[in-house]
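# Structural features, examined
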Amino acid sequence: MSPIPVLPLVINGCMSALGSLATLKLIPAFKDHFISARLYGMDLNKTNKKEVPESQGVISGTVFLIIMFCFIPVPFLSCFVEEQCTGFPHNEFVQLIGALLAICCMIFLGFADDVLNLRWRHKLLLPTIASLPLLMVYFTNFGNTVIVVPKPFRLLLGMHLDLGILYYVYMGMLAVFCTNAINILAGINGIESGQALFISGSIIIFNLLELGGDYRDDHIFSLYFMLPFFFTTLALFYHNWYPSSVFVGDTFCYFAGMTFAVVGILGHFSKTMLLFFIPQVVNFVYSLPQLFHVVPCPRHRLPRLNPDTGKLGMSWSKFKRRDLSKLGKLILQVAEMLRVLEVKRGQEGDDEFVECNNMTLINLVLKILGPTHERDLTTIMLLIQVLGSALAFGIRYHLVRLFYDV
Amino acid sequence: MSPIPVLPLVINGCMSALGSLATLKLIPAFKDHFISARLYGMDLNKTNKKEVPESQGVISGTVFLIIMFCFIPVPFLSCFVEEQCTGFPHNEFVQLIGALLAICCMIFLGFADDVLNLRWRHKLLLPTIASLPLLMVYFTNFGNTVIVVPKPFRLLLGMHLDLGILYYVYMGMLAVFCTNAINILAGINGIESGQALFISGSIIIFNLLELGGDYRDDHIFSLYFMLPFFFTTLALFYHNWYPSSVFVGDTFCYFAGMTFAVVGILGHFSKTMLLFFIPQVVNFVYSLPQLFHVVPCPRHRLPRLNPDTGKLGMSWSKFKRRDLSKLGKLILQVAEMLRVLEVKRGQEGDDEFVECNNMTLINLVLKILGPTHERDLTTIMLLIQVSTTGGYRYRVGAPVS
């Protein structure tokens, strides 16, 4: 197995650090351009009505791309300078370029979504389009669609299972899932960039731990992407942290989700990567009734500011009892019984009204802790992310024995 | 040498045709999204003040990308299905993906420019950034920086000359040039999409003619990009033609310029490609005094509508005589003498004023032909584009590339 390419990693690290500084400077520098282009939002949880520039993910994303473009020849320098490689490793090169194509396309389509305000069905279509080059590269480079069956299912399915085209469906959906899962765990200052920062940090730690393992090359490949992503996002996080002077936009959620999907797929550790998404998965599952409109879903589900106390409380979804389907009523009952949903019932005129808290993880935390200041709430959410990562490492390195032979 | 890959070319052609239809439908479908996003302009040469959606190049560009993404495995299918290739041609695959990365990045940065209204220095920086992957792929795939010296210079420089890093500078500047050259030959309905359409059509004809030559693979590679570009631009041209119901935006100029630069560089025929850019080069050279502000340059240099006749006439740049540098005065005198510039001199109060027509090819054509209806003017400009491409066939000198 090849030795650890120390020099390329060091160069990547330095370029990432420079990129971090560049992003830090560029974000305030372009503020006026964004405001003039009407790419701004009002912070719904602040009493002042200041215009906050949106879509700043396009800046950190562009710096990321520039870093990666300049970095392209670096892992292969030894082939030119010292002529140390037996035949140019074209397939590794293709992987790098193909991954960048998917990420670049995603940043582009994400920015187009922010500008043009595309519909929800487009939010599922865009990541699929952007992941096409990834699928094509995977097809031509590996084409491997055989998975190792987890232990509990081996009696049923055997040791190995060829998923065939389903493997590609899985890869395509991974990108769709990652992008949208980050997008819906949102609404308080700093949570979007913060969660992505901690997820990428966890992936970096995982990659470093695995450098001593059998799949070193896959994890080096992942580091080449995660380091620039981490550092550019760090700069974005600095501006996005409470109180936010910039918002990241859907652009960032798309960018982050696709970058994670890319390293997970081409690094062959997508299952572990999903373990780092535990809070996002919990939020997604909890949100499902509202996402499918079984329980009515308002335009915004973020927590609400109480102007008197300055603290955030749960936000609510209010609807008529008769507008609720049987399934909706059932879900409300079960969730209320499990103490994960607060339901208020009342009468206004001729109609019976029902109110339930919006079904997001942030609201659930507020239900447990009571009204909290926004900065503390984001800190708690990020702590949950860290705990989720710790749990992920526990599952990956210990509980894994229940499912696979290691 | 490998046989002509008929099936991939046919598949590419069919996908391009479908893409054409898709673009045709998508442009009107997204009109409201663009207007709401305030990506619209007013047609300065129309009396009505209708809002015309801008940046429609982003739609034709996205359809182009989708076609190309789906097409990626097609040239290599024979390797999987029939296992007919001796070792997977990774370097050709890398070329394809690298080219798409440069084009995708350019469409993205072009759209960002349209939305954020970036400054002029950014218009030179963005194509350079987008061409980086192209340069990197060239470096790792070929790395060849040796050129064949043209005959007149051989006594001086020898048969071959290794340009080294200058070759990369040339490639980077090619992208910058192509994007901006298309961008400044603009201002009348249909000219931007039209010129790109005819340039790509010329490149396609050139590629088809060269399929029988020594560099078949390079020209097949070029066709893989030029066919989808031609057909998506055709649909855009349909909506952009006089009277324009949509504008293409800087996005399109960036997209077109980069696509041409990509096929020229990776197909190794950049010099021939520049021959198809003769009108753009002439316009660029003629514009240089104003681009460098030696002669004062107003915000818009497009021709002006005469509301009474309904025809377009030259547009003018007016300034005080004393604000003009010596070089500026010299340029005005020489150009006036060569009959390529019309200069008016006058007095207003204490100042002497000078007026000259804006130094664009379109204005020059109007100088020669007099006031012309917009639709006829664009047609004439496109005829100029077509007639100069004929020049390549009869050029004197070294063959191909």
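Remember, it's a predicted structure, so these values are computed and weren't measured experimentally.

## Details of the UniProt feature "domain: DPAGT1 insertion" (unreviewed entry) in chain B
As recorded in UniProt, the feature "domain: DPAGT1 insertion" (unreviewed entry) lies at residues 316–358 of chain B. Secondary structure content for residues 316–358 of chain B is 28% helix and 42% strand, while the C-alpha to C-alpha distance between its ends is 5 Å.

## Structural notes on the environment of leucine 125 of chain A
All names here are of chain A. Relative to the elements of secondary structure, leucine 125 occurs in helix α6 (residues 120–141). We classify leucine 125 as partly exposed; its relative accessible area is 46%. Note: C-alpha distance between leucine 125 and phenylalanine 76 (49 residues apart in sequence) is 35 Å.

## Let's talk about the interface of chain B and chain A
Contact with chain B, which involves 45 residues of that partner, is made by 45 residues of chain A. Taken together, both faces of the contact between chain B and chain A bury some 4,000 Å²; the carbon and sulfur share is 87%. Of all residues in chain B, the largest losses of buried area upon contact with chain A belong to Phe69, Phe108 and Leu116 of chain B, amounting jointly to 17% of the total for that side. At the boundary of chain B and chain A, one finds zero salt bridges. Going through the elements one at a time, α2 (31–36), α3 (57–71), α5 (90–116) and α6 (120–141) of chain B are the ones with two or more residues in the side of chain B that touches chain A.

## As for the pattern of salt bridges
A complete count under the given rule lists 18 salt bridges over all chains for this structure. Between arginine 321 of chain B and glutamate 352 of chain B there is a salt bridge; the shortest N-O distance is 3.8 Å. Here arginine 321 of chain B is found in the loop between β7 (316–320) and α14 (326–337), whereas its partner glutamate 352 of chain B is found in strand β9 (residues 351–357), with 31 residues between them in sequence. Under the relative-accessibility criterion, glutamate 352 of chain B is labelled partly exposed at 41%. Between glutamate 336 of chain B and arginine 345 of chain B there is a salt bridge; the shortest N-O distance is 3.3 Å. Classification of glutamate 336 of chain B as partly exposed rests on a relative accessible area of 29%. Salt bridges sharing partners connect three or more residues here, namely Asp43, Lys46 and Glu374 of chain A.

## Quick notes on the side chain of serine 389 of chain A
Residue and element names in this part refer to chain A. Secondary-structure assignment places serine 389 in helix α16 (residues 374–397). Given a relative accessible area of 5%, serine 389 falls into the buried group. Here serine 389 is in contact with Ser202 and Phe276, once residues within four sequence places are set aside.

## As for the environment of leucine 96 of chain B
Residue and element names in this part refer to chain B. Along the chain, leucine 96 falls in helix α5. On the basis of relative accessibility, which here comes to 3%, the residue leucine 96 falls in the buried class. Leucine 96 sits 219 residues away from serine 315 along the chain, and the two C-alpha atoms are 43 Å apart. With residues up to four places along the chain from it excluded, the contact list for leucine 96 reads Met68, Ile72, Phe76, Phe221 and Phe225.

## Details of the nonpolar core
With 180 residues, the main nonpolar core has Phe225 and Phe260 of chain A together with Phe225 and Phe260 of chain B as its most contacted residues. Among residues more than four places away in sequence, those in contact with phenylalanine 260 of chain A are Ile182, Ala196, Ile199, Ser200, Ile203, Met226, Phe229, Met273 and Phe277 of chain A.

## Quick word on helix α10 (residues 216–240) of chain B
In an α-helix there are 3.6 residues to a turn, and that puts residues three or four apart on one side. Along its 25 residues, α10 of chain B runs 34 Å from first to last C-alpha, staying within 8% of the 36 Å computed at 1.5 Å per residue. Across the 25 residues that make up α10 of chain B, a large majority, 20, are buried.

## Section: the sheet that holds strand β9 (residues 351–357) of chain A
Pairing between the strands of a sheet is mediated by backbone hydrogen bonds and can be parallel or antiparallel. All names here are of chain A. The three strands lie next to each other as β7-β9-β8, forming an open sheet whose pairing is antiparallel. Each having just a single partner strand, β7 (316–320) and β8 (343–348) make up the two edges of the open sheet. Averaged over neighbouring strand pairs, the angle between their axes works out to 25° when direction is ignored. With five bridges connecting them, β7 and β9 associate as antiparallel partners. Residue lysine 320 lies in a different strand from β9, and its bridge partner there is phenylalanine 353.

## Structural notes on α3 of chain B
For α3 of chain B, which comprises 15 residues, the first-to-last C-alpha distance of 21 Å matches the rise-based estimate of 21 Å (1.5 Å per residue) to within 8%. Counted residue by residue, α3 of chain B has 13 buried out of 15 residues, so it is predominantly covered.

## Some details on the pairing of β7 of chain B
Remark: a regular strand shows side chains that alternate across the two faces of the sheet. All names here are of chain B. Residue alternation in β7 divides its side chains into a buried set, Ser317 and Phe319, and an unburied set, Trp316, Lys318 and Lys320. Judged from the five bridges that link them, β7 and β9 form a sheet pairing that is antiparallel. In the strand pairing of β9, tryptophan 316 is matched with asparagine 357.

## Describing the packing of aromatic side chains
How two aromatic rings sit relative to each other is set out by the distance from centre to centre and by the angle between their planes. Enumeration over the complete set of coordinates arrives at 44 aromatic pairs over all chains. Between phenylalanine 229 of chain A and phenylalanine 252 of chain A the ring centres are 6.1 Å apart and the planes differ by 15°, which places this aromatic pair in the stacked class. Of the two residues, phenylalanine 229 of chain A sits in helix α10 (residues 216–240) while phenylalanine 252 of chain A sits in helix α11 (residues 249–266), which places them 23 residues apart along the sequence. Residue phenylalanine 252 of chain A is classed as buried on the basis of its relative accessible area, which comes to 0%. A centroid spacing of 6.0 Å and a plane angle of 80° characterise the contact between tyrosine 138 of chain B and tyrosine 168 of chain B, whose relative ring orientation is edge-to-face. With a gap of 30 residues between them, tyrosine 138 of chain B in helix α6 and tyrosine 168 of chain B in helix α8 (residues 165–184) connect regions that are remote in the sequence.

## Description of the UniProt feature "domain: DPAGT1 insertion" (unreviewed entry) in chain A
In the UniProt entry, the feature "domain: DPAGT1 insertion" (unreviewed entry) is given for residues 316–358 of chain A. End-to-end, the C-alpha atoms of residues 316–358 of chain A are 5 Å apart, and along that stretch the chain is 28% helix and 42% strand.

Criteria and thresholds
Residues numbered from 1 in each chain as written. Chains lettered and ligands numbered in written order. Predicted model: local features only at pLDDT ≥ 70, side-chain atom pairs only at ≥ 80, totals over all residues. Heavy atoms only, no water. UniProt positions renumbered as here; feature names shortened; annotations may be inferred. Helix = DSSP H or I, 4+ residues; strand = E, 2+ residues; numbered from the N terminus. Buried < 20%, exposed > 50% of the residue type's maximum accessible area, 1.4 Å probe, protein only. Contact = heavy atoms within 4.5 Å. Buried area = accessible area lost by both parts, 1.4 Å probe. Salt bridge = Lys/Arg side-chain N within 4 Å of Asp/Glu carboxyl O. Core = buried A, V, L, I, M, F, W, Y, C linked by side-chain atoms within 4.5 Å. Expected span 1.5 Å × (residues − 1). Pairing = 2+ DSSP bridges. Axes fitted to C-alpha atoms, helices over the stretch in contact; angles between N-to-C directions. Phe/Tyr/Trp six-rings, centres within 6.5 Å; stacked < 30°, edge-to-face > 60°.

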